[in-house]
Amino acid sequence: MSNAEISEKKTEKVVVGLSGGVDSSVAAALLHRAGYDVTGLTLWLMRGKGQCCSEGMVDAARLCEELGIHHEIVDSRDVFEQNIINYLVTGYAAGATPLPCSRCNKAVKFTPMMTYAREKLGINKIATGHYAKLNFNPESGRYELRRAVDQNKDQSYFLYEVGQEELSCCVFPLGNTTKVETRKIAAEFGLATAEKPESMDLCLVEANGSMKAFLDKYLTPVQGKIVDTQGNILGEHDGTYHYTIGQRKGLGVAAAHPLYVIALDPIKNEVIVGDRTEAHEKECTINQVNWVSLAPTDVPFTAEVQVRYRTEPANATVIPLEGNRARIVFDEPQFSITPGQAAVFYCGDLLLGGGLIEAKQ
Ligand SMILES: Nc1ncnc2c1ncn2[C@@H]1O[C@H](COP(=O)(O)OP(=O)(O)OP(=O)(O)O)[C@@H](O)[C@H]1O
């Protein structure tokens with residue numbers, strides 16, 4: 001959303017999701033300066049210390065004081081536990097590497113924020129500091145998501161699960177702003193969050209020290225074998241859920257050439273490793289497909305498909321299947337296609353839709 005667009009919407013009420021970080025602070029400050037009637041809303045997500053815990057709430061409250069706007073805190077710890085903690089723990093235990101952020105956006109942030117804003121505050125607009133662009137396409141009748149101008153900060157991948165109803169209420173004031181500009185704007189506004197360091201990791205990792213430490217609170221690691229595709233035993237692992245597809249470091253296996261995790265078998269309690277070529281797949285299936293800019297279709301189409309947040313999208317054919325599933329056939333084999341991660345389809349910067357990668361049958 002451009003600043004010109006923001007200023008057209010003066011006097012409208014908007015609820016801004018505030019994490020206590022610089023991005024949502026600037027989103028709120030820009031909307032406030034443009035004349036919006038802004039309410040800050042912080043979801044209390046986790047017990048403990050960190051950005052999504054008490055620290056974030058205090059920083060968000062301070063921002064609201066600085067801007068002179070109303071602030072609400074909603075205790076969402078149970079929602080987070082049910083939708084994210086349980087989801088991660090069961091997914092890792094089953095040999096997947098679940099992606100928490102897109103699920104959190106849908107189930108913990110956007111839908112609950114929209115409902116709270118409407119039902120408790122009588123407000124129909126919500127804004128966040130996500131780096132993504134949003135527009136309505138009158139021809140297709142759909143709300144379209146696009147990659148942010150700042151390609152390095154682009155968070156559209158994590159928004160593919162958000163529904164059309166939620167998107168119809170959303171404003172993303174930072175879609176056309178680079179992170180460098182955001183920090184500059186924060187400094188111009190004199191916000192205390194201007195110098196706040198970038199969170200480098202998942203909130204759960206930040207709060208627990210590491211993903212391993214988080215998972216070890218819920219799962220009991222059972223030692224097992226690291227094997228190659230022929231079943232040769234190469235070493236020992238300390239619990240399949242400590243590993244992910246494509247992982248090379250930390251295997252503790254000496255070999256003539258680099259070895260990568262190519263599969264996890266929690267039933268046999270095995271980590272299967274292979275060389276880099278074996279860590280490539282040409283096809284995968286996905287489920288829980290959510291259509292964003294593209295209306296639901298059963299007709300195959302070509303797209304650029306991104307299989308991890310930080311991987312380059314690759315050309316592929318998406319073949320929709322019954323039951324909200326799809327098969328993706330890549331033009332070239334792709335490295336580390338990982339069950340539990342999202343495959344998100346783009347056409348240029350337009351996010352068409354996406355789904356969750358299933359385990360190989
Ligand atoms: N606990 C929360 N309560 C309300 N909104 C939140 C919360 N956490 C995140 N958000 C919203 O989601 C956006 C994206 O959050 P995320 O943590 O992915 O990114 P970020 O770049 O670290 O953002 P920020 O700098 O605002 O913390 C935030 O800018 C904010 O608007």
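From a predicted model like this one, the values you see are computed outputs, not experimental measurements.

**Side note on the overall build of the protein**
1) Next: The number of helices and strands found in the protein is 9 helices and 17 strands.
2) Next: Expected size for 361 residues packed as a compact globule is a radius of gyration near 21 Å; at 21 Å, the protein falls within 12% of this value.
3) Next: Judged by the C-alpha coordinates and their principal axes, the protein covers about 65 × 45 × 35 Å.
4) Next: The buried share among the 361 residues of the protein stands at 53%.
5) Next: Long-range contacts, defined as pairs at least 24 residues apart, comprise 64% of the intrachain contacts of the protein with a sequence gap of at least 6.
6) Next: Between the centroid of the 36 positive side chains of the protein and the centroid of its 45 negative side chains there is a distance of 2 Å.

**Re the site of the ligand**
1) Next: The full set close to the ligand counts 19 residues, and Gly17, Ser19, Asp23, Ser24 and Leu43 are the nearest of them.
2) Next: Between an oxygen atom of the ligand and a main-chain N or O atom of Ser24, the distance comes to 2.7 Å.
3) Next: Considering the ligand on its own, with 580 Å² of exposed area, one finds that the protein chains cover 88% of that surface.
4) Next: Among the secondary structure elements, those contributing two or more residues to the shell around the ligand are α2 (22–33) and β2 (37–44).
5) Next: In terms of residue class, the shell around the ligand is made up of 5 nonpolar, 11 polar and 3 charged.

**Here's the deal with the nonpolar core**
Burial of nonpolar side chains together is a common tendency in soluble globular proteins.
1) Next: Formed by 48 residues in total, the largest nonpolar core has its most connected members in Phe80, Ile126, Leu145 and Phe214.
2) Next: Of all elements in the fold, only β2, α4 (77–93), α5 (100–121), α6 (164–169), α8 (203–208), α9 (211–216), β16 (342–347) and β17 (350–357) reach the threshold of two or more residues within this core.
3) Next: Grouped together as the second largest cluster of nonpolar side chains are 27 residues, Cys64, Tyr131, Val171 and Ala186 included.

**A short note on the sheet that holds strand β7 (residues 170–171)**
1) Next: Spatially, the 5 strands line up as an open sheet ordered β3-β2-β1-β4-β7, and their pairing is parallel. Every interior strand has two partners, whereas the edge strands, β3 (70–75) and β7, have only one.
2) Next: In terms of strand pairing, strand β4 (residues 126–127) meets β7 through 2 bridges, oriented parallel. The residue of β7 that forms the bridge with Ala127 is Val171.
3) Next: Where helix α3 (residues 54–67) meets the sheet, its contacts fall on β2 and β3, and the angle it forms with β3 comes to roughly 160°.

**With respect to the pattern of salt bridges**
1) Next: Within this structure, the stated rule accounts for 18 salt bridges.
2) Next: The closest approach of N and O atoms between Lys153 and Asp23, which form a salt bridge, is 3.9 Å. Taken together, the residues span a long stretch of sequence, with Lys153 in the loop between β6 (142–147) and α6 and Asp23 in helix α2 at a distance of 130 residues. This pair shows no difference in class: Lys153 is buried, exactly as Asp23 is.
3) Next: For Asp59, the salt bridge is made with Arg62, and the minimal N-O distance between the two is 3.5 Å. Linking Asp59 with Arg62, this pair stays in helix α3, spanning 3 residues, or about one helical turn.

**Remarks on unusual backbone geometry**
With the exception of glycine, the majority of residues adopt a negative phi angle, and the majority of peptide bonds are in the trans configuration.
1) Next: Of note, the phi angle at Asn324 is positive, near 65°, even though the residue is not glycine.
2) Next: Assignment of secondary structure puts Asn324 in the loop between β14 (314–321) and β15 (325–335).
3) Next: Taking relative accessible area as the criterion, Asn324 reaches 45% and is therefore assigned partly exposed.
4) Next: The phi torsion at Ser336 lies on the positive side, around 50°, for a residue other than glycine.
5) Next: Here Ser336 lies in the loop between β15 and β16.
6) Next: In this structure Ser336 comes out as buried when scored by relative accessible area, which is 6%.

Rules used throughout
Residues numbered from 1 in each chain as written. Predicted model: local features only at pLDDT ≥ 70, side-chain atom pairs only at ≥ 80, totals over all residues. Heavy atoms only, no water. Helix = DSSP H or I, 4+ residues; strand = E, 2+ residues; numbered from the N terminus. Rg over C-alpha atoms; globule rule 2.2 N^0.38 Å. Buried < 20%, exposed > 50% of the residue type's maximum accessible area, 1.4 Å probe, protein only. Contact = heavy atoms within 4.5 Å. Lys, Arg positive; Asp, Glu negative; His and termini not counted. Charge placed at Lys NZ, Arg CZ, Asp CG, Glu CD. Near = heavy atom within 4 Å. Polar contact = N/O pair within 3.5 Å; in protein donor to acceptor, adjacent residues only side chain to side chain. Areas by Shrake-Rupley, 256 points an atom, 1.4 Å probe, with all protein chains shown as cover. Nonpolar A, V, L, I, M, F, W, Y, C, P; charged D, E, K, R; others polar. Core = buried A, V, L, I, M, F, W, Y, C linked by side-chain atoms within 4.5 Å. Pairing = 2+ DSSP bridges. Axes fitted to C-alpha atoms, helices over the stretch in contact; angles between N-to-C directions. Salt bridge = Lys/Arg side-chain N within 4 Å of Asp/Glu carboxyl O.

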